[in-house]
Amino acid sequence: MAHLQVLLMLLWSSGLWAEGNHDSAGVQCETAKADLVMLVDESGSISSVDFRVMKSFLIEIVKNLNIGPDKVQIGLTSFARAPMAEWYLNSHLTKDSLTEAIKRLVQLLGPSYTGKALRYILHNQFKPYMGMRPDSRKIVVLITDGAANDDIHLPSKNLKDTGIEVYAIGVGAAPERDMKSIASDTDHMYLIEGFSSLHALVKNVSMSLCNSANSLDSVRLLKGSSLCSGRLQVKSNQRWSSVCEDDFDQQDAEVVCRELGCGPPSLLQGALYGEVEAPVWSREFQCGGHESALLDCRSSGSVRSSCSPGKAAGLTSSEPVRLVGGASRCAGTLEVRRGEWRPVAMDIWNLKDAAAVCGQMNCGSAVSVGNTQNSSQRSVWWVESHCVQAGYALKECASADHSSSTLDVTCSDSVRLLKGSSLCSGRLQVKSNQRWSSVCEDDFDQQDAEVVCRELGCGPPSLLQGALYGEVEAPVWSREFQCGGHESALLDCRSSGSVRSSCSPGKAAGLTCSEPVRLVGGASRCAGTLEVKQGLWRSVEASGWTLMDAAVACRELDCGSAVLTGSRNASWDGPTWKIKPACVKSGSTLRECATSSESSTVLELICSDLLVQPIISASFSSSDGDSQVQQQESSWVLKGSSFTISCSIQPQYPGGSFQLTFTSSNTTNNYTQPVVNHSAHFLFPAAEPAHQGTYSCVYHVFVFSRNFSSESRQLSLTVSDPTVFVIRLLLLLLSLLLFISAVCFSHKVTRRQEPRPPEDQELDG
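For every chain, the first residue of its written sequence is number 1, and the numbers climb from 1 along that sequence. Per-residue local features of the predicted model are confined to residues with pLDDT of at least 70, and side-chain atom pairs are confined, for both listing and counting, to 80 or more; whole-chain, interface and lining totals are unaffected and use all residues. Think of the side-chain values as coming from all heavy atoms in the structure, minus any hydrogens and water.

Visitor: I would appreciate a short explanation of the overall build of the protein chain in the present structure.
Guide: Runs of H or I in DSSP of at least four residues are treated as helices and runs of E of at least two as strands, each being numbered from the N terminus. Scanning the protein chain from terminus to terminus reveals 17 helices and 42 strands. Within the protein chain, buried positions represent 48% of all 765 residues. We call two residues in contact whenever any of their non-hydrogen atoms come within 4.5 Å of each other. In the protein chain, 71% of the contacts between residues at least 6 apart in sequence involve partners at least 24 apart. Relative accessibility decides the category of a residue: with a 1.4 Å probe and only protein chains considered, values under 20% of the type maximum give buried, values over 50% give exposed, and everything between is partly exposed.

Visitor: Help me understand the packing of helix 2 (residues 48–63) against helix 3 (residues 95–103), please; the structure alone is not making it clear to me.
Guide: The angle between the axes and the distance between the axes are what describe a pair of packed helices. Here the axes come from fitting lines to C-alpha atoms, over the contacting stretch only for helices, and the angles between their N-to-C directions go from 0 to 180 degrees. Across the interface, helix 2 lies against helix 3 with an axial gap of 10 Å and an inter-helix angle of 175°. Relative to helix 3, the element helix 2 lies roughly antiparallel. Counting all contacts with helix 2, which are made through Lys-55, Leu-58, Ile-59, Val-62 and Lys-63, the residues of helix 3 involved are Lys-95, Leu-98, Thr-99, Ile-102 and Lys-103. Classifying every residue of the contact of helix 2 with helix 3 by side-chain character gives five nonpolar, one polar and four charged. In this scheme, roughly parallel covers angles under 35 degrees and roughly antiparallel covers those over 145, while 65 to 115 is roughly perpendicular and the rest are oblique. Gly is placed with the polar residues, together with every amino acid not listed as nonpolar (Ala, Val, Leu, Ile, Met, Phe, Trp, Tyr, Cys and Pro) or charged (Asp, Glu, Lys and Arg).

Visitor: Would you explain the nonpolar core in this entry?
Guide: In this structure, Leu-610, Phe-643, Ile-645, Phe-658, Leu-660, Tyr-695 and Phe-708 are the most contacted members of the largest nonpolar core, which totals 31 residues. Of all elements in the fold, only strand 33 (615–621), strand 36 (643–648), strand 37 (657–663), strand 39 (679–684), strand 40 (693–703) and strand 42 (715–720) reach the threshold of two or more residues within this core. By residue number, the principal contributor to this core is strand 40, which donates five residues. Throughout this description, the term nonpolar core refers to a set of buried Ala, Val, Leu, Ile, Met, Phe, Trp, Tyr and Cys residues connected via side-chain atoms within 4.5 Å.

Visitor: Sorry if this is basic, but what is going on with the pattern of salt bridges here?
Guide: Should their charged atoms come close, side chains of opposite charge can pair. Here a salt bridge means any side-chain nitrogen of Lys or Arg lying within 4 Å of a carboxyl oxygen belonging to Asp or Glu. Applying the stated criterion across every chain yields a total of 12 salt bridges. Residues Glu-340 and Arg-342 are paired through a salt bridge, measuring 2.8 Å at the closest nitrogen-oxygen approach. A relative accessible area of 40% means that Glu-340 is categorised as partly exposed. The salt bridge involving Lys-578 is made with Glu-541; its shortest N-O contact spans 3.5 Å. In this pair, Lys-578 sits in strand 30 (residues 576–579) while Glu-541 sits in the loop between strand 28 (536–539) and helix 14 (547–556), placing the two residues 37 residues apart along the sequence. Under the relative-accessibility criterion, Glu-541 is labelled buried at 12%.

Visitor: Looking at this structure, I do not really get helix 13 (residues 446–455). What am I missing?
Guide: Since the α-helix advances by 3.6 residues per turn, residues separated by three or four positions end up pointing in the same direction. Those residues of helix 13 not exposed but buried are Asp-448, Ala-449, Val-451, Val-452, Cys-453 and Glu-455. Structurally, the start of helix 13 carries an N-cap: the backbone nitrogen of Gln-447 is 3.2 Å from a side-chain oxygen of Asp-445. Counted as a polar contact is a pair of N or O atoms within 3.5 Å, where, for protein atoms, one must be capable of donating a hydrogen and the other of accepting one, and residues adjacent in sequence contribute only when both atoms are in side chains.

Visitor: When you look at the side chain of Lys-55 in this model, what are you seeing that I'm missing?
Guide: Its location among the elements puts Lys-55 in helix 2. No salt bridge is formed by the buried Lys-55; its nearest oppositely charged neighbour, Glu-42, is found at 7.9 Å. Polar contacts involving the side chain of Lys-55 include one to the main-chain carbonyl oxygen of Leu-105, which spans 3.1 Å. Setting aside its immediate chain neighbours within four residues, Lys-55 contacts Ile-102, Lys-103 and Leu-105. For this count, His and the chain ends are skipped, Lys and Arg are scored as positive, and Asp and Glu as negative.

Visitor: It is not clear to me how the packing of aromatic side chains should be interpreted in this structure. Could you clarify?
Guide: Think of a pair of aromatic rings as described by two things: how far the centres are apart, and how the planes are tilted against each other in angle. Two aromatic rings, drawn from Phe, Tyr or Trp (for Trp, its six-membered ring), form a pair once their centres lie within 6.5 Å of each other, and the interplanar angle then sorts them: stacked below 30 degrees, edge-to-face above 60, tilted otherwise. A complete count under the given rule lists seven aromatic pairs for this structure. When the centroid spacing of 5.4 Å and the interplanar angle of 10° are considered together, the rings of Trp-477 and Phe-481 count as stacked. Given a relative accessible area of 17%, Trp-477 falls into the buried group. When its relative accessible area of 3% is taken as the criterion, Phe-481 is described as buried. Look at Phe-643 and Phe-684: their rings are 4.7 Å apart centre to centre, the planes differ by 5°, and that puts the pair in the stacked class. Placement of Phe-643 in strand 36 and of Phe-684 in strand 39 is noted, with a sequence separation of 41 residues between them. The pair formed by Phe-643 and Phe-684 is uniform in burial state, with each residue classed as buried. Members of the aromatic cluster, each reached through a chain of ring pairs, are Phe-643, Phe-662, Tyr-671, Phe-684 and Tyr-695. Across from the ring centre of Trp-537, 3.9 Å away, lies the NZ or CZ of Arg-518, which sits over that ring. Either the NZ atom of lysine or the CZ atom of arginine qualifies as a charge over a ring when it sits within 6 Å of the ring centre and within 35 degrees of the ring normal.

Visitor: Even after reading the chapter, I still don't get the environment of Arg-538, so can you show me in this structure?
Guide: Relative to the helices and strands, Arg-538 is located in strand 28. Taking the C-alpha atoms as reference, Arg-538 lies 9.9 Å from Ala-594; in sequence the two are 56 residues apart. Sequence-distant contacts of Arg-538, that is, excluding residues within four places in its chain, are made with Leu-530, Glu-531, Val-532, Pro-575, Thr-576, Trp-577, Ser-596 and Ser-597. Only 3.4 Å separates the side chain of Arg-538 from the backbone oxygen of Thr-576, close enough to count as a polar contact.

Visitor: Can you walk me through unusual backbone geometry in this structure?
Guide: Excluding glycine, residues mostly have negative phi values, and the peptide bonds linking residues are mostly trans. Its identity as a non-glycine residue notwithstanding, Leu-109 has a phi of 70°, on the positive side. Tracing the chain through its elements places Leu-109 in the loop between helix 3 and helix 4 (114–124). The backbone of Asp-558 sits at a positive phi, close to 55°, despite the residue not being glycine. For Asp-558, the location among the structural elements is in the loop between helix 14 and strand 29 (562–569).

Visitor: Is there a simple way to explain the state of the cysteines in this structure?
Guide: Structurally, a disulfide amounts to a covalent bond that connects the sulfur atoms of two cysteines. The disulfide criterion is simple: two cysteine sulfur atoms within 2.5 Å. Under the criterion given, the structure shown has 12 disulfides. Covalently, Cys-483 is tied to Cys-493 through a disulfide, its sulfur atoms 2.0 Å apart. An S-S torsion of about 105° defines the bridge between Cys-483 and Cys-493 as right-handed. Separated by 10 residues along the polypeptide, Cys-483 in the loop between strand 23 (481–482) and strand 24 (494–495) and Cys-493 in the loop between strand 23 and strand 24 bring together distant segments of the chain. This cysteine, Cys-257, is not joined by any disulfide, and Cys-262 carries the nearest cysteine sulfur, 6.0 Å off. For Cys-257, a relative accessible area of 1% corresponds to the buried category.

Visitor: Honestly, the pairing of strand 35 (residues 634–638) in this entry has me stumped. Any pointers?
Guide: Consecutive side chains of a regular strand alternate in pointing toward one face of the sheet and then the other. Taking every second residue as pointing to the same face, the buried face of strand 35 carries Ser-635 and Val-637, while none of Ser-634, Trp-636 and Leu-638 on the other face is buried. By the convention used here, strands pair only if DSSP detects at least 2 bridges between them. Bridging between strand 35 and strand 42 involves five bridges; their strand directions are parallel. Note on strand 42: the bridge partner recorded for Val-637 is Val-719.

Visitor: Just to check I follow, could you spell out helix 2 for this structure?
Guide: The length a helix should cover is 1.5 Å for every residue beyond the first. In a regular helix each residue adds 1.5 Å, so 16 residues correspond to 22 Å; helix 2 covers 23 Å between its end C-alpha atoms and thus fits that length. If you check which residues of helix 2 are buried, you get Phe-51, Met-54, Lys-55, Phe-57, Leu-58, Ile-59, Ile-61 and Val-62.

Visitor: For this particular structure, what's the right way to read the confidence of the model for the protein chain?
Guide: Close inspection of predicted coordinates is inappropriate for parts of the model with low pLDDT. For the protein chain, the mean per-residue pLDDT works out to 80, and 82% of the residues sit at or above 70. Looking at any residue, its pLDDT shows the predictor's confidence there, from 0 to 100. Of all secondary-structure elements in the protein chain, the lowest mean pLDDT belongs to helix 8 (residues 207–214), at 34, while strand 37 reaches the highest, 95. For the stretch residues 19–31, pLDDT sits under 50, and the model shows 29 contacts to residues farther than four places along the chain or on other chains.

Visitor: Help me understand the side chain of His-123, please; the structure alone is not making it clear to me.
Guide: In this fold, His-123 is placed in helix 4. The exposure class of His-123 is buried, given its relative accessible area of 11%. Only 3.3 Å separates the side chain of His-123 from the side chain of Asp-401, close enough to count as a polar contact. Dropping the residues within four chain positions of it, His-123 is found in contact with Tyr-129, Trp-382, Glu-384, Ser-399 and Asp-401.

Right, dumping it as structure tokens:
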């Protein structure tokens, strides 16, 4: 009973206990914001009686806490052989809802794997997208009989390194040696042997513990996009106050950013995160910039009585993220600081995740992401990709762990594409002196585009057009790029000497680069082993692909739809790319979804545009034996003359056959011949009116255990009767003769009507 009392005192000291239970204790604690995860042992070593006691204990705890989205949130994970999240921190936000959920708990039975359960809640409960709030206190309450079947040392250490307090509570006949083992890896350990009135225990709360708990935080940033941005507030005498912008400068900001574990300040401006809210801090801070906490700084002697609207100090600190060991500050091993700098462990990251890192570091677009295998385990931050994709800062997604693999990211230094459908399309921006500028379409040409696409790790440019991805946004790059097309970076190119003062609306350079995807080893560009380039060309792992997923690859290759997927052994090919179908189905490109992997099988793919289009032509033999070949869309032949329709195709596969399809107004006929030297010739000895119509060649071939076909364009043939032809020719000649005669007659009449010139006369003498 005494141990339970101590636990309740600690809960009260943390500000978690309901306000209605502390009047007689005389302690005025501010209601805390806490995320509390109950980890409940439901293994077979827990008796049914003890399990009911545990549920009663949980219900009483809930009754006496301030539950709500801005107060205390409770998640619960049960465990035996395997852990299972019964509900998350944001699942039940009222006491009644939590109480009903606890009543529905059913014992799992089986052996107890406590270490696995501690590891599970770190990655599946204490995450922003599961309801964890960045500015809350984090607490785990482990309720167990102490009999763990696995190691709990490392997962407990990882929880504590992440800033999570761990309480271990022994229930029933918990062996003392087992609970001592757990106690060495937790912050607090208690043994519970029975229950009495919980309300009576609140009277014993310690004032010193309460004051200690409430003095943990003295500064905070509100209404920002992360823990490192927002409107500044300072706490004194258990009261939060806004700070007037005029009383806060760059050196003060450096101290606050350091106190919050963020990077240096990047923006200091009032009214960014809301208006002034009373009360307002009344003195000017006078920090030297080296202090560890804002309240350690000196302050002015004078007191400010008011602060104008729009003058609340707003602060944006840079995220505590860096890339080390690379060729520039935008490439290398990813490290995050949360108390200390640690590398980030690989968690199936792809380019979309890496793009968030590049953005937080004010670098350009993500170019590649990979991992480095170290010789031994080391302390790392485990950052899950879906947490980053949900828009949370890396620091908020980080949890302590150990791994031999660390994450490498490469971003472009000085170019990026914005508002496109992928990382290889968008409105172009260039960075100089830490400032991003749009580029005017008139100052950017095809050779410049080739350099940008290469710098971003994309394929060659496929479209260069302004106004595709938004209007011009200031500032605008002021000089014309003059690239040769061979440079490795846009800023390596020469630029014009003249300066452009403006750029018309709709003239921001928009660029679409092709996706770096190819099929190799097949007989055409639309068949073979799928490869994707992300820094290096690698084959794609074959597992899990369907024709629907493969359609994305065919579309990016401009090869129609997917016809067949398969796999081949590639144990000798080295590293591969793993691409999750779910990522592709979400609309992302293959390159954006690729994560580093090792696989013995790689994907083989055949797209519908496997075959090139056949060529159709017609040749005609005259009476003197001469022949004429025509490849126009329409041709004509004299009735009774012989003609040949020829079908041919570029060399791709051996064998196959050609089917000549003839269609007239009232009939359709098909003629088939085997392919010889990639062609077939269909001879018609004497043309008849029945041969008049349209012809097309269809090439059929059996490859990759499938039948494929490709159809030519249509050729229209007209059959003319020789008699009609002769009559038409005679009529034409007669018409020509009459025309000539008419011209001659007209000329003679004209000459007769012309006046004669007068005879020469002698001049009078």
